[in-house]
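Chain by chain, the residues run as shown.
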Amino acid sequence: MMEAQWTPTPCPRPPSVVFLLMATSCTWLLPVTAPQRVPIDPQAAPEYAHSIRLDGDIVLGGLFPVHSRGDRGTPCGDLKKEKGIHRLEAMMFAVDLINKDPELLPNITLGARILDTCSRDTYALEQSLTFVQALIERDGSDVRCANGDPPIFTKPDKIVGVIGAAASSVSIMVANILRLFKIPQISYASTAPELSDNTRYDFFSRVVPPDSYQAQAMMDIVTAMEWSYVSTLASEGNYGESGVEAFVQISRETGGVCIAQSLKIPREPRKGEFDKIIRRLLETSNARAVIMFANEDDIREVLDAAKKNNQTGHFLWVGSDSWGSKIAPVIGQEREAEGAITILPKRASIDAFDRYFRSRSLSNNRRNVWFAEFWEENFNCKLGMHGKRPGSLKKCTGLEKVGRDSSYEQEGKVQFVMDAVYAMAHALHRMHRDLCYGYPGLCPRMASSIDGKELLSYIRAVNFNGSAGTPVVFNENGDAPGRYDIFQYQITNRSTAEYRVIGSWINKLHLNVEAMRWKKGDPSLPPSVCSIPCRAGERKKVVKGVPCCWHCERCEGYHFQASEFTCELCPYEKRPDANRTGCVPIPIIKLEWHSPWAVFPVFISMLGIIATSFVIVTFVRHNDTPIVRASGREMSYVLLTGIFLCYAITFLMIAAPDVGVCSFRRIFLGLGMCFSYAALLTKTNRIHRIFEQGKKSVTAPRFISPASQLAITFSLISVQLLGVFVWFAVDPPHTVVDYGEQRTQNPTSARGVLKCDISDLSLICSLGYSILLMVTCTVYAIKTRGVPETFNEAKPIGFTMYTTCIIWLAFIPIFFGTSQSAERMYIQTTTLTISLSLSASVSLGMLYMPKVYVILFHPEQNVPKRKRSFKVRSCAATMSGKLSQKGDRPNGEVKTELCESMETNISSTKTTYVSYSNHAI
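Residues numbered from 1 in each chain as written. Predicted model: local features only at pLDDT ≥ 70, side-chain atom pairs only at ≥ 80, totals over all residues. Heavy atoms only, no water.

Q: When you look at the sheet that holds strand β25 (residues 588-589) in this model, what are you seeing that I'm missing?
A: Sheets are built from strands that pair by backbone hydrogen bonding, the pairs being arranged parallel or antiparallel. Sheet architecture is open: three strands sit in the order β25-β27-β26, paired in mixed fashion. This sheet does not close on itself; its edge strands, each paired only once, are β25 and β26 (735-742). Of the strand pairs in this sheet, β26 and strand β27 (residues 751-756) are connected by five bridges, and their pairing is antiparallel. Considered in β27, the bridge of Val-737 is made with Leu-754. Set on the sheet, helix α22 (residues 824-847) makes contact with β25, β26 and β27; between it and β26 the angle comes to about 115°. (Pairing = 2+ DSSP bridges. Helix = DSSP H or I, 4+ residues; strand = E, 2+ residues; numbered from the N terminus. Contact = heavy atoms within 4.5 Å. Axes fitted to C-alpha atoms, helices over the stretch in contact; angles between N-to-C directions.)

Q: Looking at this structure, how should I read the pairing of strand β12 (residues 316-319)?
A: Taken residue by residue, a regular strand's side chains alternate between the two faces of the sheet. Burial along β12 is two-sided: the face carrying Leu-316 and Val-318 and the face carrying Trp-317 and Gly-319 are both buried. Alignment of strand β11 (residues 289-293) against β12, held across four bridges, turns out to be parallel. Across the sheet, Met-292 pairs through a bridge with Gly-319, a residue of β12. Crossover β11 to β12 through helix α8 (residues 296-308) is right-handed. With two bridges joining them, β12 and strand β13 (residues 341-345) adopt parallel strand pairing. Bridging across to β13, Val-318 finds its partner in Ile-341. (Buried < 20%, exposed > 50% of the residue type's maximum accessible area, 1.4 Å probe, protein only. Right-handed = clockwise from strand over helix to strand, strands pointing away.)

Q: It is not clear to me how the packing of helix α2 (residues 81-100) against helix α12 (residues 414-435) should be interpreted in this structure. Could you clarify?
A: The angle between the axes and the distance between the axes are what describe a pair of packed helices. With their axes 8 Å apart at the nearest point, α2 and α12 run at an angle of 40° to one another. Of the possible angle classes, the one that applies to α2 and α12 is oblique. The crossing of α2 and α12 is right-handed. Judged by residue contacts, His-86, Arg-87, Ala-90, Met-91, Phe-93, Ala-94, Val-95, Leu-97 and Ile-98 of α2 engage Val-414, Val-417, Met-418, Val-421, Tyr-422 and Ala-425 from α12. Taken together, the residues of the contact of α2 with α12 sort by class into 13 nonpolar, one polar and one charged. (Parallel < 35°, antiparallel > 145°, perpendicular 65-115°, else oblique. Left-handed = near helix turned anticlockwise from the far one by under 90°. Nonpolar A, V, L, I, M, F, W, Y, C, P; charged D, E, K, R; others polar.)

Q: Would you explain the packing of aromatic side chains in this entry?
A: Any two aromatic rings considered together are summarised by their centre-to-centre distance and by the angle between their planes. Tallying each qualifying case throughout the model produces 23 aromatic pairs. Judged by centre distance (6.1 Å) and plane angle (55°), the rings of Tyr-484 and Trp-505 are tilted. Of the two residues, Tyr-484 is situated in strand β16 (residues 484-491) and Trp-505 in strand β17 (residues 497-505); the sequence distance between them amounts to 21 residues. Classification of Trp-505 as buried rests on a relative accessible area of 4%. Pairing Phe-675 with Phe-714 gives two aromatic rings, centres 6.3 Å apart and planes at 85°, and the pair type is edge-to-face. Here Phe-675 is found in helix α18 (residues 659-696), whereas its partner Phe-714 is found in helix α19 (residues 706-730), with 39 residues between them in sequence. Looking at Phe-675, the relative accessible area reads 14%, which means it is buried. (Phe/Tyr/Trp six-rings, centres within 6.5 Å; stacked < 30°, edge-to-face > 60°.)

Q: Teacher, can you tell me more about the state of the cysteines here?
A: Each disulfide consists of a covalent bond between the sulfur atoms of two cysteine residues. Counting across every chain of the model gives nine disulfides. Between the sulfur atoms of Cys-76 and its disulfide mate Cys-118 the distance is 1.6 Å. Its S-S torsion of approximately 80° makes the covalent link between Cys-76 and Cys-118 right-handed. Within this pair, whereas Cys-76 is found in strand β4 (residues 76-79), its partner Cys-118 is found in the loop between β5 (110-116) and α3 (121-132), the two being separated by 42 residues in sequence. Residue class for Cys-76 comes out partly exposed when judged on its relative accessible area of 22%. Free of any disulfide, Cys-805 has its nearest neighbouring cysteine sulfur in Cys-777, separated by 8.8 Å. (Disulfide = S-S within 2.5 Å.)

Q: It is not clear to me how a positive patch on the surface should be interpreted in this structure. Could you clarify?
A: Together, Arg-270, Lys-276, Arg-279 and Arg-280 make up a positively charged patch on the protein surface. Checked against the element boundaries, Arg-279 lands in helix α7 (residues 273-282). When its relative accessible area of 48% is taken as the criterion, Arg-279 is described as partly exposed. (Patch = residues over 30% accessible without salt bridge, like charges linked within 9 Å, V, L, I, M, F, W, Y side chains within 5 Å. Areas by Shrake-Rupley, 256 points an atom, 1.4 Å probe, with all protein chains shown as cover. Salt bridge = Lys/Arg side-chain N within 4 Å of Asp/Glu carboxyl O. Lys, Arg positive; Asp, Glu negative; His and termini not counted. Charge placed at Lys NZ, Arg CZ, Asp CG, Glu CD.)

Q: Is there a simple way to think about the side chain of Asp-321 in this case?
A: Mapping Asp-321 onto the fold places it in the loop between β12 and α9 (334-337). Buried and unpaired, Asp-321 has Lys-413 as its nearest opposite-charge partner, separated by 4.5 Å. With sequence-adjacent residues up to four places away left out, Asp-321 is seen in contact with Thr-191, Gln-214, Tyr-239, Ile-343, Leu-344, Pro-345 and Lys-413.

Q: Before we go on, may I ask you to explain the pattern of salt bridges in this structure?
A: Think of it this way: side chains of opposite charge can pair up when their charged atoms draw near. As enumerated under the stated definition, the model contains 21 salt bridges in all. Between Lys-83 and Glu-296 there is a salt bridge, with its nearest N and O atoms 3.5 Å apart. One end of the pair, Lys-83, is in helix α2; the other, Glu-296, is in helix α8, and 213 residues separate them in sequence. For Lys-83, a relative accessible area of 23% puts it in the partly exposed group. One salt bridge connects Arg-179 with Asp-202, and the closest N-O pair in it is separated by 3.1 Å. Linking Arg-179 in the loop between α4 (168-178) and β7 (185-187) with Asp-202 in the loop between β7 and β8 (204-206), this pair joins segments that are 23 residues apart in sequence. For Arg-179, a relative accessible area of 28% puts it in the partly exposed group. Among the charged side chains, a salt-bridge network with shared partners connects Lys-83, Glu-296 and Lys-326.

Q: Sorry, what's going on with the pairing of β16 here?
A: Counting buried residues along β16, eight of its eight residues qualify, which places the element largely inside the surrounding structure. What you see with β16 is no split at all: Tyr-484, Ile-486, Gln-488 and Gln-490 on one side and Asp-485, Phe-487, Tyr-489 and Ile-491 on the other are buried throughout. The sheet contact formed by β13 and β16 spans five bridges and is antiparallel. Bridge assignment links Pro-345 to a residue of β16, and that residue is Tyr-484. By the bridge criterion, eight bridges tie β16 to β17 in an arrangement that is antiparallel. Each bridged residue has a counterpart across the sheet, and for Ile-491 the counterpart in β17 is Ala-497.

This is how it looks when you write it as structure tokens:
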């Protein structure tokens, strides 16, 4: 019976996975007219012409970008030496090591089926259908060979797990179909955050950290560099777009970094597209930092466009692991890339792989169907007539050696490819140990079928040291932990460019800022901010919609900078400090003794006290002389005491306020005036009553004796003291600090005034009674203005009261008119003390200075009159008789005041006497 030969018939490519599966099935169900037996050697079969197959008990699939994406409808382009050949050789090398390891999968051989994705997701999806063929049941009942015999199908390899793919877009496409057939997948390079979704990609795992970790690491770098305004640039596709999306999401969650622009590089950019991108980035020129999730070809084009637009050194590039430490993107554009910060998963060069790969040749590596093409590309030669590089004059000898006749550097993902293969092997080893314990080789339970879901659970549980000595583990989403090296592209003093490790990121950033260098070796950090930081005492007024852009507004008046965005009012007793970042107590002042506002009142007061003391001493020494007796000794001493207190109150008003000083101020503020005007009021009232009584009868008025006068005076004074004591009871004296009196618009000039708690109303009440006495005394002075001046002091008292009223009338507008002035304390205190001193000076000068002058300089006039006229004596006798009827014995003052005759004007005296005598009679 002959074996039928089947030629796969291409089917239309439907868009959905279901139709792709149907298309795969149709290649097995459509017969040709001349079937022939298929050769036994499977490697000679046409279906393996573009794949690598390694036989084994357990076969793993592999997906690698051996070729780049083709142009103009061609699925595949040029060969990728590093990303393609290095990586697939790493898988085969890892399989060889595992098969030689007696401890790992003993008596079990691993095989492999490696396919080329051509860096295109749709092509990779078609290729990956090979991995699920063994799981599709084929119906051959309608198929017959030419002789009528049933066909014999070549049994496809049963793939238990897939290593790959590289690009995230390819892995996403492949993962969608592999999960349908429960085939676990471990990627060595796909980092898109989307693949962490365990609900959609539940059979996907990876030995590289996802871009969410990478995005976090890049965000930490941006934050450490104090860049708050950046742009993003992504290659179109899952890798670039997902990476930028993760970065933007983190920036929103953490805050502090704003995205100026998010630009995208098309899959197939048109001419001038990169120049347009540079111009758009320059629209927000302050955003110098550019976060790039782009493939190396796009990176190179962006750097070239920056060079064409004369923007060398302007942009601060932050590249993802697709840039890493690759030389290709920066060759010939070292100045444009200078200072670029790039990130790359922590890796190590595998020395064993270097030895393995350098030993590869055309003769010992025939299992790699693409190795001949690599040979031509690597050594720039041609292999015979069927070589892949037409036009090359040089022919390959086959004796070339990798690393000797060509440059060689291990590709960065080799470590991860080997870790992915070992992760699958360790999972299979543990599964074999559990399911086939003690059974050499595959037991029936694993030989017939390996449950992909069960294998996945073993994959997620692996924990071993990888090829570089770092732990290989997976989290619940199949992601590897984030471990990155951070590089900076620097140009040294010798003009040589290189990537230097400046830090690392293992769950948090470790950055050596001192090792960083920027354009022309400048170590200072370049800025990438929308707005410069506000100075101390200024708040940020954020631009709507752009939280990293703001205007700075200074905190004015008594406001201080409470936070970055707010100004708050200082407490009433405080003012902003010099930087307006806090509040400090307002300085407290009081009227100082050395102040000009105090010196002048004190000077007047001291002169008054000296003069008053001199008068008192003079009166005491000449206490029994006629002038002293005629002026009313007792009332004079009371009046002089009041004058003395009016002068002394100045010192209490200027002294530093405390409870004691405030108490004495309340007592003595109105007491001095009360003493003075109570005594004057009593004297003027006595004179008025005597002469008014004399007009009516010869009977003397009551209460005109000295004792009565003192009683009346002290009764009036007691009213003032009673009011003060009531004031003490209602509102005990205390000090206050008035911050409103000198609260100027400029806080630096603000002062708190320490003073006694005496309001303007309280002051008026305290002085009001004395002013009432003064006004009443003035009224009596006016009434007695017609009394002959030779008989009484009515007219001097009148002039005293008129002048005093004028002084206090001037005091009131000055005192209350300055209540809003910043100098209020000084003006009011000075005005009050000077008014009191002037009032006292008027009384002292008009009432006592003439008497002192006579006592001291004309003592001849200060003697009793020996020769008096009969009329005068009769008058005195008559008044004495009238007074004696009351039983009082005045000491001569009354008789002297009323009947004293001046010899200088006899006629006037006679007339006065006759007039008074007639009236008295």
